[in-house]
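For reference, the chains in residue letters:
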Amino acid sequence: MNRAPVAGEPGWPQASSVVVGVIGDPVRHSLSPALHNAAFTAMALDWVSVAFPVPPGALDAALDGVRALGVRGLSVTMPFKEAVAAKVDRSSATAARLGAVNCVLVEPDGLVGDNTDGEGFLAALARGAQFDPSGRRCLVAGAGGAARAVVLALAQAGAAEVVVVGRTPARAAEAARLAGDAGRTGTPADAARCDLVVNATPLGMAGTSDPHALAPVDPALLGPAQLVVDLVYVPRPTRWLALAQSRGATTLDGLGMLVHQAARQVELWAGRPAPLEAMWRAATGEDRHRRVTALEG
Ligand code: NAP
């Protein structure tokens, strides 16, 4: 090979490889490096994405390290999205509005914070269900970081109404305000008259104290005229999503949002379109399966 190896080739990563990382706590379980690296391979870039576990109290030191070592970008996951928003040198309008950063570009003059969760969510709706929120009635269960990104994105996409259902009234009201005139707080019963119903709580997620728990909206309120989305992607589907599907609703799990928000991160770092199909294959394990099959063959 005359040229230097790029992602996925023998001899890679190497001294010249550009490094990006995912920071979180815990983060060793994260799918993001696999998604980023699949993109870098398909783009023939000599880039590598790795997970950097950051212990409590070590965020400042981690960000100093990123600057000093020339790490090109960061994906930011729990519990650091809000803390990083307060520490970057500049923010995109979306990250500033949300007060949460899930993607950092390391520029020569400082750290630039962005948030790709909302764009990832809208892209997942479009690709997975050909759903355009414009003029539609939407309900979001939860009022945390993911819910806020979804509420803002739905409003920016022209939703007629964005109803936030949260267990902590003040947080629900704050999330609803992100949707401006279209936003209000509500109850699970509002789901019956919505076109789109989203679970943005961790209820039903594997690894939580009750992985069989159902999202806050009773599946009996869901039916054939609705798109029902669970941001949780382990397991696929959650029990709640499976019940919605059995009632005739169109359903989407959280893997699409994960892939699309990671794709947008790759685009922000590399300045080029991300290879979505390669990232989908990595997300669903088809790449791994093909490699194993090849070795076995
Ligand atoms: P977060 O900031 O901790 O917010 C969690 C929200 O869920 C809060 O509003 C919380 O209520 C609510 N909640 C938690 N337990 C509840 C319960 N037992 N009953 C009712 N509400 C409850 O978390 P996040 O970052 O928004 O993440 C939420 C979920 O989305 C997680 O499962 C995460 O994995 C998933 N997610 C997926 C993607 C993707 O790409 N697919 C991206 C981001 C997040 P309070 O307001 O009262 O605290």
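What you see is a predicted model; the values in this text were computed from it and never measured.

Thresholds applied
- By convention here, each chain's residues receive numbers from 1 onward along its written sequence.
- Whole-chain, interface and lining totals are the exception, using all residues; otherwise, since this is a predicted model, local features are given only for residues with pLDDT of at least 70 and side-chain atom pairs are given and counted only at 80 or more.
- Only heavy atoms go into the side-chain values, all of them from the structure, while hydrogens and water stay out.
- pLDDT expresses, on a scale from 0 to 100, how confident the predictor is about each individual residue.
- When checking whether two residues touch, look at their non-hydrogen atoms; a contact exists if any pair is within 4.5 Å.
- Secondary structure elements are taken from DSSP: a helix is a run of H or I of four residues or more, a strand is a run of E of two residues or more, and numbering for both begins at the N terminus.
- A pair of strands is treated as paired once DSSP finds two or more bridges between them.
- In this description, a line fitted to the C-alpha atoms serves as the axis of each element, helices being fitted only across the stretch in contact, and the angle between N-to-C directions of two axes falls anywhere from 0 to 180 degrees.
- In these notes, residues near a molecule or strand are those with any non-hydrogen atom within 4 Å of it.
- For the purposes of these results, a polar contact is taken to be a pair of N or O atoms within 3.5 Å, where, inside protein, one atom must be able to donate a hydrogen and its partner to accept one; residues adjacent in sequence count only when each atom of the pair is a side-chain atom.
- Accessible areas in this description were obtained via Shrake-Rupley with a 1.4 Å probe; residue shielding takes into account the shown protein chains only.
- Only Asp, Glu, Lys and Arg are considered charged, only Ala, Val, Leu, Ile, Met, Phe, Trp, Tyr, Cys and Pro nonpolar, and every remaining residue, Gly among them, polar.
- Between buried and exposed lies partly exposed: a residue is buried under 20% and exposed over 50% of the maximum accessible area for its type, with that area taken using a 1.4 Å probe on protein chains only.

On to the confidence of the model for the protein. Overall, the predicted model of the protein reaches an average pLDDT of 94, with 95% of residues at or above 70. Across residues 292-297, where pLDDT falls below 50, the model places zero contacts with residues more than four positions away in sequence or in other chains.

Attention shifts here to the environment of Ala200. Summarising the element assignment, Ala200 is placed in the loop between strand S10 (196-199) and strand S11 (227-230). Note: C-alpha distance between Ala200 and Ala215 (15 residues apart in sequence) is 8.6 Å. Leaving out residues up to four positions away in the same chain, Ala200 has contacts with Val140, Ala141, Gly142, Ala147 and Leu231.

Moving on, we get to the sheet that holds S11. Read from one edge to the other, the open sheet built from six strands follows the order S9-S8-S7-S10-S11-S12, with strand pairing classed as parallel. Here the strands that pair on one side only, and so sit at the sheet edges, are strand S9 (183-185) and strand S12 (250-252). Across the sheet, the mean angle separating the axes of adjacent strands is 20 degrees when strand polarity is ignored. As paired strands, S11 and S12 are joined by three bridges and run parallel to one another. Residue Val228 lies in a different strand from S12, and its bridge partner there is Thr251. The strands touched by helix H8 (residues 239-246) are S10, S11 and S12; relative to S11, the strand with the most contacts, the crossing angle is about 170 degrees.

Taken together, 20 residues are adjacent to the ligand, and Ala143, Ala146, Arg167, Thr168 and Arg171 come closest. One nitrogen or oxygen atom from the main chain of Gly254 is found 2.8 Å from a nitrogen atom belonging to the ligand. For the ligand, whose unbound accessible area comes to 930 Å², protein coverage reaches 78%. Here the shell around the ligand is composed, by residue class, of twelve nonpolar, six polar and two charged.

So, about unusual backbone geometry. For the bond running from Trp12 to Pro13, omega is 0 degrees, close enough to zero to count as cis. Here Pro13 lies in the segment before strand S1 (18-24). If you check the backbone angles, Gln130 has positive phi at about 50 degrees while not being a glycine. Residue position: Gln130 is located in the loop between helix H5 (117-129) and strand S7 (137-141).

Examined against the element boundaries, Gly166 turns out to sit in the loop between strand S8 (161-165) and helix H7 (169-177). With relative accessibility at 30%, the residue Gly166 sits in the partly exposed group. With 21 residues separating them along the chain, Gly166 and Thr187 place their C-alpha atoms 8.1 Å apart.

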